[in-house]
Amino acid sequence: MFKGFYNLTSSMLTHQQNLNVIANNMVNISTAGYKQDLYTASTFDDVMYSRMGNKHNTGQEIGRQSYIRAASRIYTDYTQGILEPTGIALDFAIHGDGFFAVQDPDGGIAYTRMGNFSLDDEGYLCLPGYGQVLDPELQPIYLGTDQIYGGNQGTIYYDEGGLIGQLGVFLFEDTGALERNGEGLFVGAQGTAAQDAEVLNGYLERSNTDIVKQMTEMITYQRALQSAAQVSKMYDQLMTKAATEIGRM
């Protein structure tokens, strides 16, 4: 009976974590370039049952049991989102692999697929609320005006002509080394500047979250959580009777 509490508790914790991940994905459905998270869980190592011999005290395996499931890892799905035209000069989207680099006020570098850029007070290209956008040499890009247009490899020109600079697009051998920070950008590894990345000007990449699938999974995990909680109450009632009524017999 006590074993049931382990199973039910792990079930509730797993479903709650799934709901947290789904909620975060749904909140960011309108965030440009957002990459959805996927939650995975695995069992603890199996517990081996054995029968001990009476004479030589040797064990004989008679079965295995896994009591609970626990959080394994939260994976990020880096698949391409839909590229949506906006017609805004400072909007950019990467087609294919790669990330833009952003430098925060403290000098740290983070990576993102968000391309809804703007100009800061000094005229530098920036991602509002995050920091300045960097070129392939990890240097800030000074524009001074929004009267610009972009080439298909991240180059930026004045409307009347003249090259300004180029957006840095950075690749990673292993995106699994990246971690999402508290601001939704990726850190934890150093990217390598891409040589032939395709960048579209006047476009934004939409979130790759499938809202219908997320809502379906949310309902499924919510019902499973409620069921586990209800059965847990039944176990508690049975144990209460076992401790009170049976003990008086």
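Residues numbered from 1 in each chain as written. Predicted model: local features only at pLDDT ≥ 70, side-chain atom pairs only at ≥ 80, totals over all residues. Heavy atoms only, no water.

1. A word on the overall build of the protein chain
If you tally the helices and strands in the protein chain, you get 2 helices and 20 strands. Counting the 249 residues in the protein chain, one finds 31% classified as buried. Put simply, 63% of the contacts in the protein chain that link residues at least 6 apart link residues at least 24 apart. As displayed, the protein chain offers around 14800 Å² of accessible surface, 50% of which is attributable to carbon and sulfur atoms. (Helix = DSSP H or I, 4+ residues; strand = E, 2+ residues; numbered from the N terminus. Buried < 20%, exposed > 50% of the residue type's maximum accessible area, 1.4 Å probe, protein only. Contact = heavy atoms within 4.5 Å. Areas by Shrake-Rupley, 256 points an atom, 1.4 Å probe, with all protein chains shown as cover.)

2. Examining the sheet that holds strand 14 (residues 163-166)
As summarised here, the arrangement of the 3 strands in space is 12-13-14, forming an open sheet in which the pairing is antiparallel. Each having just a single partner strand, strand 12 (148-150) and strand 14 make up the two edges of the open sheet. The sheet shows a mean angle of 25° between the axes of neighbouring strands, direction not considered. (Pairing = 2+ DSSP bridges. Axes fitted to C-alpha atoms, helices over the stretch in contact; angles between N-to-C directions.)

3. Details of the pairing of strand 13 (residues 155-158)
Side-chain positions along a regular strand alternate between the two faces of the sheet. Here 3 bridges tie strand 12 to strand 13, and the two strands are oriented antiparallel to one another. Looking across to strand 13, one finds that Gly150 is bridged to Ile156. What sits between strand 12 and strand 13 in their antiparallel hairpin is a turn of 4 residues, with Gly154 showing a positive phi close to 90°. When strand 13 meets strand 14, the two strands line up antiparallel, connected through 3 bridges. Bridge assignment links Ile156 to a residue of strand 14, and that residue is Gly165. Between strand 13 and the antiparallel strand that follows it, strand 14, lie 4 residues; Gly161 among them carries a positive phi value of about 105°.

4. Observations regarding the nonpolar core
In this structure, Phe92, Phe100, Phe117, Leu125, Ile156, Leu167 and Val169 are the most contacted members of the largest nonpolar core, which totals 21 residues. Looking at this core, the elements with two or more residues in it are strand 6 (92-95), strand 7 (99-103) and strand 10 (125-127). Membership of the second largest hydrophobic core comes to 8 residues, among which are Phe99, Ala101, Phe170 and Phe172. (Core = buried A, V, L, I, M, F, W, Y, C linked by side-chain atoms within 4.5 Å.)

5. Focus on the confidence of the model for the protein chain
Confidence along the protein chain averages 84 in pLDDT terms, with 83% of residues attaining 70 or more. Within the protein chain, the element-level pLDDT minimum falls on strand 2 (residues 47-52), averaging 50, and the maximum on strand 15 (residues 169-171), averaging 97. (pLDDT = per-residue confidence, 0-100.)

6. Looking at the packing of aromatic side chains
Here the distance between the centres and the angle between the planes together describe a pair of aromatic rings. Applying the stated criterion across every chain yields a total of 10 aromatic pairs. With centroids separated by 6.1 Å and ring planes inclined at 35°, the aromatic side chains of Phe92 and Phe117 adopt a geometry described as tilted. With a gap of 25 residues between them, Phe92 in strand 6 and Phe117 in the loop between strand 8 (109-112) and strand 9 (118-119) connect regions that are remote in the sequence. Residues Phe92 and Phe117 agree in their burial class; the two are buried. When the centroid spacing of 5.3 Å and the interplanar angle of 75° are considered together, the rings of Tyr124 and Tyr142 count as edge-to-face. With Tyr124 in the loop between strand 9 and strand 10 and Tyr142 in the loop between strand 11 (131-133) and strand 12, the pair connects residues that are 18 residues apart, well separated along the chain. (Phe/Tyr/Trp six-rings, centres within 6.5 Å; stacked < 30°, edge-to-face > 60°.)

7. Quick look at the environment of Ser10
When you line up the elements, Ser10 lands in helix 1 (residues 2-27). Classification of Ser10 by relative accessible area gives buried; the value is 7%. For Ser10 and Ala228, which are 218 residues apart along the polypeptide, the C-alpha to C-alpha distance reads 9.6 Å.

8. Thoughts on the environment of Ile74
With respect to the helices and strands, Ile74 occurs in strand 4 (residues 69-76). Not counting chain neighbours up to four residues away, the residues in contact with Ile74 comprise Gln17, Val21, Asp37, Leu38 and Tyr39.

9. Quick look at the side chain of Gln132
Tracing the backbone shows Gln132 in strand 11. In terms of polar contacts, Gln132 uses its side chain to reach the side chain of Asp120, at 3.0 Å. With sequence-adjacent residues up to four places away left out, Gln132 is seen in contact with Ala101, Val102, Gln103, Asp120, Glu122, Tyr124, Leu125, Cys126 and Pro140. (Polar contact = N/O pair within 3.5 Å; in protein donor to acceptor, adjacent residues only side chain to side chain.)

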